[in-house]
Amino acid sequence: MTIRMKTMTESPNPEPRTPNPASARTRGRLFILSAPSGAGKTTLCKTLLARFPDLRFSVSYTTRQPRAGETEGIDYFFISKDVFEKGIATGKWAEWAELHGNFYGTSAEFLDTAVSAGHDVLLDIDVQGMRQIIRRYPEAVTIFIMPPSFELLKSRLESRATDKKEVIAARLIHAEKEMAEKDRYRHIIVNDRLPDTEKELIEIVETYRVAVR
Ligand code: 5GP
């Protein structure tokens, strides 16, 4: 298990030196979780949401087809490319990215409303999305989950029967690119053993939440 806490000079996304207690109490905080597909991120998001029932999950919008077991409005809002592109033109997205031929985006209205109302929000987005969110919310807490090895990631993706070979190959190439950007994150956790990873992740989130409440 590896957990790295970075110093201010290293991080492009530092913690403010003197957080304003008044604004901290009234505004919610964003927690961004990124990981290559197959690194266990969906499970870890569920763990956090179960542990912190008041944590809101930012349900992304996507143009990709639903996978078996995915539910509209819970896993994603599944929308057409036309609707997504209209959203780009009208500034609906706080961030968006094109991945493996599909669009993914986060509702700006959802984030702004939740944070203004004092709710902490969990986002499951990729590195491109994280960079855009940090520009808008520089105090967001960024966490990158690393698979224990590239081989394990490959075998996990291959065992996911829903994706075609080409899709898996594209995801692996993307995973390598994402892992190369892990140092942009404030925290990095290697998902060796799930219970350890869950514990580390909960501790990180708890630390920030305790600090402002
Ligand atoms: P999947 O298709 O496997 O659900 O997700 C593929 C990738 O898209 C994952 O890395 C996931 O974190 C990322 N993703 C999901 N929603 C969003 C989003 O709203 N914005 C961005 N930038 N990435 C997203």
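The coordinates are above.
Rules and cut-offs
Per chain, residues are indexed from 1 in the order of the written sequence. With the structure being a predicted model, the display of local features is reserved for residues of pLDDT at least 70 and the display and counting of side-chain atom pairs for 80 or more, all residues being used for whole-chain, interface and lining totals. To get the side-chain values, take all heavy atoms of the structure and skip hydrogens and water. Only protein chains enter the accessibility calculation, which uses a 1.4 Å probe; a residue is then buried when its area is under 20% of its type maximum, exposed when over 50%, and partly exposed in between. Secondary structure counts use DSSP, requiring at least four H or I residues in a row for a helix and at least two E residues in a row for a strand, with both numbered from the N terminus. Between any two strands, pairing holds if DSSP finds at least two bridges. We call two residues in contact whenever any of their non-hydrogen atoms come within 4.5 Å of each other. Each axis is a line fitted through C-alpha atoms, taken for helices only over the stretch in contact, and angles between the N-to-C directions span 0 to 180 degrees. Residue types Ala, Val, Leu, Ile, Met, Phe, Trp, Tyr and Cys, when buried and joined through side-chain atoms within 4.5 Å, form a set referred to as a nonpolar core. A cutoff of 4 Å decides nearness: a residue is near a molecule or strand if any of its heavy atoms lies inside that distance of it. Here a polar contact means two N or O atoms within 3.5 Å. Within protein one must be a hydrogen donor candidate and the other an acceptor candidate, and residues neighboring in sequence count only if both atoms are side-chain atoms. Using a 1.4 Å probe, accessible areas were evaluated by the Shrake-Rupley method; residue-level cover was limited to the displayed protein chains. Side-chain classes are defined by residue name, with Ala, Val, Leu, Ile, Met, Phe, Trp, Tyr, Cys and Pro counting as nonpolar, Asp, Glu, Lys and Arg as charged, and the others, Gly among them, as polar. In a left-handed crossing the near helix is turned counterclockwise from the far helix by less than a right angle, and in a right-handed crossing that turn is clockwise.

### Topic: the pairing of strand E2 (residues 30–34)
With respect to burial, E2 is a largely interior element, five of its five residues being buried. With burial as the criterion, each face of E2 is covered, one bearing Leu-30, Ile-32 and Ser-34 and the other bearing Phe-31 and Leu-33. Pairing of E2 with strand E8 (residues 121–124) involves four bridges; the strand directions are parallel. When the sheet's bridge partners are listed, Phe-31 is paired in E8 with Leu-122. Bridging between E2 and strand E9 (residues 141–146) involves four bridges; their strand directions are parallel. Opposite Ser-34, over in E9, you have Phe-144 as the bridge partner.

### Thoughts on the environment of Met-146
Inspection of the secondary structure assignment puts Met-146 in strand E9. Its relative accessible area of 15% is what places Met-146 among the buried residues. Separated by 32 residues in the primary sequence, Met-146 and Glu-178 place their C-alpha atoms 9.7 Å from one another. Apart from residues lying up to four places away in sequence, Met-146 is in contact with Met-179, Lys-182, Ile-188, Ile-189, Val-190 and Asn-191.

### Section: the sheet that holds strand E6 (residues 93–99)
Strand pairing in a sheet is mediated by backbone hydrogen bonds. Such pairs are either parallel or antiparallel. Taken in spatial order, the four strands of this open sheet run E5-E4-E7-E6, and their pairing is mixed. The two strands at the open ends of the sheet, each matched to only one other strand, are strand E5 (76–78) and E6. With direction set aside, neighbouring strand axes in the sheet form an average angle of 25°. Both strand E4 (residues 60–62) and strand E7 (residues 102–107) contribute to a ladder of two bridges, which runs antiparallel. Counted as the bridge partner of Thr-62 is Tyr-104 from E7. Packed on one face of the sheet, helix H4 (residues 108–116) meets E6 and E7 and runs near 25° to E7.

### A look at the nonpolar core
Counting residues in hydrophobic clusters, the biggest one holds 46 residues, and the most contacted among them are Leu-30, Leu-33, Leu-48, Leu-111, Leu-123, Ile-133 and Ile-143. When near neighbours in sequence (up to four residues on either side) are disregarded, Leu-123 contacts Leu-30, Phe-31, Ile-32, Leu-33, Ser-58, Thr-106, Leu-111 and Ile-133. Within the second largest apolar cluster, five residues are counted, among which are Tyr-61, Ile-79, Phe-84 and Trp-93.

### Section: the pairing of E7
With six of six residues buried, E7 is to be regarded as a mostly interior element. What you see with E7 is no split at all: Asn-102, Tyr-104 and Thr-106 on one side and Phe-103, Gly-105 and Ser-107 on the other are buried throughout. Joining the antiparallel neighbours E6 and E7 is a turn of two residues, in which His-100 adopts a positive phi near 50°.

### A closer look at the site of the ligand
Close contacts around the ligand come from 18 residues, with Lys-41, Arg-64, Tyr-76, Glu-95 and Tyr-104 the closest. Ser-60 places a side-chain nitrogen or oxygen 2.7 Å from an oxygen atom of the ligand. Thr-106 has a polar side-chain atom sitting 3.4 Å from an oxygen atom of the ligand. In the complex, 95% of the free accessible area of the ligand, which totals 510 Å², lies under the protein chains. Residue composition of the shell around the ligand, grouped by class: six nonpolar, five polar and seven charged.

### Describing the packing of helix H6 (residues 150–159) against helix H7 (residues 165–179)
For the pair H6 and H7, the least separation of the axes is 10 Å and the interaxial angle reads 145°. Note that H6 runs across H7; the crossing there is right-handed. Note on element contacts: H7 touches H6 through Ile-168, Arg-171, Leu-172, Ala-175, Glu-176 and Met-179, opposite Phe-150, Leu-153, Lys-154, Leu-157 and Glu-158. Its residues placed into classes, the contact of H6 with H7 shows seven nonpolar, no polar and four charged.

Function cannot be read off these values alone, since they describe shape.
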